[in-house]
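# Examination of the molecular architecture
Chain residues, written in single-letter form:
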Amino acid sequence: MPRPSDGAPNDAWTDPDCPVARALDLVGDRWSLLVVRDAMDGARSFTEFQRRTGIARNILSDRLRKLSAHGLLAQRTAPTGRRLEYVLTDKGRDLFPVLLTLRQWGERHAFDTGEPHSTLVDEQGVRVPDLTPTGADGAPLTAGSTRVRKTGGSR
């Protein structure tokens, strides 16, 4: 299992020089991103995550442990003082644009025309506009207008 980067080489990375591969090693399974999604939507307890996702208890335990070990979630004592709860760290909250982009892709490509689906809205109830990456000059970026600069250690 990949570890957070501590400067030491890690043979468990799928592709050690690729940020996409490393990110997928950390959160690329179905359940991890759904747990992060629900944490962003206010879920805090094990029971709440399980109810919202329908995930099996053993898988949820594993994902909560993994997300906590990699610093995306932190455990703290719930306000009642009776249980632990999970909260997003800054690292976990940094996944918001990833989930937003994935959501917007899903809205465009995972539903039939007219098929109902949830919608992300801002604090005023207005649908969040589509996210479009732009270059330094403000022009929209696409796969065709960008390239990957490989490191010396790339395969």
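Residues numbered from 1 in each chain as written. Predicted model: local features only at pLDDT ≥ 70, side-chain atom pairs only at ≥ 80, totals over all residues. Heavy atoms only, no water.

## Observations regarding the overall build of the protein chain
From N to C terminus, the protein chain includes six helices and two strands. Moving toward the C terminus, one meets the helices and strands of the protein chain in the order α-α-α-α-β-β-α-α. Once the C-alpha set of the protein chain is aligned to its principal axes, its extents read approximately 50 × 50 × 25 Å. Taking all 155 residues of the protein chain together, 28% fall into the buried category. Sequence-distant contacts in the protein chain: of pairs separated by 6 or more residues, those separated by 24 or more amount to 38%. Looking at the protein chain, you have 23 positive and 20 negative side-chain charges, and the mean spots of the two groups are 5 Å apart. (Helix = DSSP H or I, 4+ residues; strand = E, 2+ residues; numbered from the N terminus. Buried < 20%, exposed > 50% of the residue type's maximum accessible area, 1.4 Å probe, protein only. Contact = heavy atoms within 4.5 Å. Lys, Arg positive; Asp, Glu negative; His and termini not counted. Charge placed at Lys NZ, Arg CZ, Asp CG, Glu CD.)

## What about the confidence of the model for the protein chain?
Mean pLDDT for the protein chain: 90, with 91% of residues reaching 70 or above. Considering each helix and strand of the protein chain separately, the mean pLDDT is smallest for helix H1 (residues 19-27), with a value of 93, and largest for helix H5 (residues 90-93), with 98. Below a pLDDT of 50 lies the segment residues 1-9, which in the model reaches 18 contacts outside its immediate sequence neighbourhood of four places, other chains included. (pLDDT = per-residue confidence, 0-100.)

## Regarding the pattern of salt bridges
Scanning the entire structure with this criterion turns up 12 salt bridges. For the salt bridge of Arg52 with Glu48, the shortest nitrogen-to-oxygen distance reads 3.5 Å. One end of the pair is Arg52 and the other is Glu48, both in helix H3 (residues 46-53) and four residues apart, which spans about a single turn. By relative accessible area, Glu48 is classed as partly exposed at 22%. Asp130 is the partner of Arg108 in a salt bridge, and the nearest nitrogen-oxygen pair spans 4.0 Å. Linking Arg108 in helix H6 (residues 96-109) with Asp130 in the segment after H6, this pair joins segments that are 22 residues apart in sequence. Looking at Arg108, the relative accessible area reads 47%, which means it is partly exposed. Judged by its relative accessible area of 42%, Asp130 falls in the partly exposed class. (Salt bridge = Lys/Arg side-chain N within 4 Å of Asp/Glu carboxyl O.)

## Notes on the side chain of Thr53
Mapping Thr53 onto the fold places it in helix H3. At 2.8 Å, the side chain of Thr53 forms a polar contact with the backbone oxygen of Phe49. For Thr53, the side chain forms a polar contact with the main-chain nitrogen of Ile55, separated by 3.2 Å. Excluding residues within four positions of it along the chain, Thr53 makes contact with Trp31, Leu34, Arg37 and Asp38. (Polar contact = N/O pair within 3.5 Å; in protein donor to acceptor, adjacent residues only side chain to side chain.)

## Side note on the packing of helix H2 (residues 30-40) against helix H4 (residues 57-69)
One can describe the packing of H2 onto H4 by two numbers: an axis separation of 10 Å at closest approach and a directional angle of 70°. Of the possible angle classes, the one that applies to H2 and H4 is roughly perpendicular. For the pair H2 and H4, contact is made by Trp31, Ser32, Val35 and Val36 and by Ile59, Leu60, Arg63, Leu64 and Leu67, respectively. (Axes fitted to C-alpha atoms, helices over the stretch in contact; angles between N-to-C directions. Parallel < 35°, antiparallel > 145°, perpendicular 65-115°, else oblique.)

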